[in-house]
Amino acid sequence: MINKSMRRGARGVLALSILLTGTVGAAPVFAPGERVFVPLYSENLREDGYATGVVDSVVDGKLRVSLTEYVKGKGKTLYGTCSPSARSPLAGAEILSDRPDALLIRQDIDPASVKSWREGKNEYLERENLSTLFYKWLGDGMAVTPERARYGRAKAEALGLPRAARAMEVVALQTESTGGKGFPVPPSMALAGAAGLLEALLPIVRENPEALDGALEILDGTAPAQGDDLLAMALARTLSLVRHDLGALQRTQPDFGAASREVPGLRAVFDAWIAVVTRGGAAPYLNRSAAQWKALFDAASPPVWPPLP
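Scope of this entry: the structure provided in the associated data block. (Residues numbered from 1 in each chain as written. Predicted model: local features only at pLDDT ≥ 70, side-chain atom pairs only at ≥ 80, totals over all residues. Heavy atoms only, no water.)

**What about helix α4 (residues 146-158)?**
Moving on, step 1. Counted at 1.5 Å a residue, the expected span for α4 with its 13 residues is 18 Å, and the 18 Å between its end C-alpha atoms agrees.
Moving on, step 2. Of the positions making up α4, those classed as buried are P146, A149, G152 and A156. Take α4 and look down its axis: the buried residues cluster within an arc of 115°, on one side only. Set apart from the buried face of α4 by more than 90 degrees, the exposed residues are Y151 and A158. (Helix = DSSP H or I, 4+ residues; strand = E, 2+ residues; numbered from the N terminus. Expected span 1.5 Å × (residues − 1). Buried < 20%, exposed > 50% of the residue type's maximum accessible area, 1.4 Å probe, protein only. Arc of directions from axis to C-beta.)

Put into structure tokens, the structure is as follows:
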């Protein structure tokens with residue numbers, strides 16, 4: 001049983017905590033001598049970096065930190081990260097030594113941009129694992145199962161990365177639609193679930209039209225396959241896989257009637273593909289409306305294949 005003296009002691013500890021931090025639940029206060037982690041994150045995860053060091057003192061509400069470790073993200077440099085014009089917690093930092101074996105950077109940093117060393121390192125590793133999973137799927141996709149994709153989506157949500165979570169949702173939909181459990185399947189098997197996959201993408205592109213714009217730029221070759229927007233990359237990869245399977249099936253079965261008997265609902269894949277790239281008919285694709293594409297598809301009759309979009 002808790003007695004009165006214990007309750008008074010607990011209230012005293014809480015009062016001291018509020019006095020030191022200013023509010024209940026405020027960000028932790030970093031003390032001089034404490035080891036800290038400075039995240040240098042990127043939108044595409046693959047270019048994440050970080051710096052670690054020790055708090056020297058607190059000056060005007062900022063932490064004066066001496067950093068002795070810098071891990072640069074892909075395509076970044078120490079001087080670029082520390083440039084006064086850089087969008088980074090290290091913008092304008094003083095580089096006292098750039099020697100890898102004796103690095104020393106000094107910077108005054110907002111405490112909100114700093115994490116404890118252990119918390120920051122764990123978060124960095126979680127982001128790195130998520131990045132590895134996504135880019136594995138973006139490459140050969142081998143062994144990326146729907147279960148792993150859903151785990152990645154949950155991890156992205158826990159890390160506060162809604163865009164990455166949406167991208168991993170697309171990965172989960174795509175890997176599940178083929179029935180391959182993370183392994184390659186013949187085009188006829190992949191296409192059996194393609195119409196349902198594309199229909200599931202339609203609300204995503206309606207809610208994120210800028211991601212579809214980025215995806216279409218990737219598809220037509222005017223943007224690199226790997227940029228900053230994970231969702232655009234996921235949409236482009238999924239659309240590309242469906243289009244590739246359609247082309248592969250046409251090469252092995254040039255009679256569309258026979259192909260349709262092999263893959264029930266094959267024609268629906270064409271309609272669903274156009275529905276996605278036109279945002280449900282709201283925008284043209286390759287200077288044709290969704291209705292015009294449908295007319296082209298309707299004009300083709302077996303053994304002729306509809307034109308590949």
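**Examining the side chain of N208**
Moving on, step 1. Along the polypeptide, N208 turns up in the loop between α7 (194-207) and α8 (209-219).
Moving on, step 2. One polar contact links the side chain of N208 to the main-chain carbonyl oxygen of I204, over a distance of 2.9 Å.
Moving on, step 3. Setting aside residues up to four positions removed in sequence, N208 forms contacts with R163, R166 and L231. (Polar contact = N/O pair within 3.5 Å; in protein donor to acceptor, adjacent residues only side chain to side chain. Contact = heavy atoms within 4.5 Å.)

**As for the pairing of strand β3 (residues 62-71)**
Moving on, step 1. As judged from the 9 bridges shared by strand β2 (residues 49-59) and β3, these two strands associate in the antiparallel manner. Each bridged residue has a counterpart across the sheet, and for V58 the counterpart in β3 is L63.
Moving on, step 2. Two strands pair when backbone bridges link them, and β3 and strand β5 (residues 104-109) are joined in this way by 5 bridges, in the antiparallel orientation. Note on β5: the bridge partner recorded for S66 is R106. (Pairing = 2+ DSSP bridges.)

**Thoughts on the nonpolar core**
Taken as a class, soluble globular proteins show a tendency for nonpolar side chains to be buried jointly.
Moving on, step 1. Membership of the largest hydrophobic core comes to 59 residues, with the highest contact counts inside it found for F134, L191, L198, V242, L266 and W273.
Moving on, step 2. Counting residues per element, this core draws most heavily on helix α9 (residues 230-252), at 10 residues.
Moving on, step 3. Sequence-distant contacts of L191, defined by excluding residues within four places in its chain, comprise V242, D245, L246, L249, V263, L266 and V269.
Moving on, step 4. Listed in part, the 18 residues of the second largest apolar core include F30, V55, Y70 and L103. (Core = buried A, V, L, I, M, F, W, Y, C linked by side-chain atoms within 4.5 Å.)

**What to know about the sheet that holds β5**
Moving on, step 1. The 6 strands are arranged β4-β5-β3-β2-β1-β6 in an open sheet whose pairing can be described as antiparallel. Looking along the sheet, the strands with just one partner apiece sit at the ends: β4 (94-97) and β6 (115-116).

**Some remarks on the environment of E119**
Moving on, step 1. Here E119 lies in helix α3 (residues 117-138).
Moving on, step 2. On a C-alpha basis, the gap between E119 and A236 in space is 34 Å, while along the polypeptide they are 117 residues apart.

**A few points about the pattern of salt bridges**
Moving on, step 1. In the structure shown here, the tally under the stated rule is 17 salt bridges.
Moving on, step 2. D101 is paired through a salt bridge with R99; the nearest N and O atoms lie 2.9 Å apart.
Moving on, step 3. Judged by its relative accessible area of 61%, D101 falls in the exposed class.
Moving on, step 4. The partner of R163 in a salt bridge is D229, and the shortest N-O contact between them spans 2.8 Å. Of this pair, R163 sits in helix α5 (residues 162-178) while D229 sits in the loop between α8 and α9, placing them 66 residues apart in sequence. (Salt bridge = Lys/Arg side-chain N within 4 Å of Asp/Glu carboxyl O.)

**Considering unusual backbone geometry**
Moving on, step 1. In this chain, P302 is followed by P303 through a cis amide linkage whose omega measures 10°.
Moving on, step 2. Phi is positive for A143, close to 70°, though the residue is something other than glycine.
Moving on, step 3. Looking at where A143 falls in the secondary structure, it is placed in the loop between α3 and α4.
Moving on, step 4. Classification of A143 as partly exposed rests on a relative accessible area of 31%.

**Here we look at the environment of T52**
Moving on, step 1. Mapped onto the elements of the fold, T52 is located in strand β2.
Moving on, step 2. With 13 residues separating them along the chain, T52 and P39 place their C-alpha atoms 8.8 Å apart.
Moving on, step 3. Those residues within four positions of T52 in sequence are excluded, and the remaining contacts are V36, F37, L67, T68, E69 and W117.
Moving on, step 4. A distance of 2.6 Å separates a polar atom in the side chain of T52 from a polar atom in the side chain of E69.

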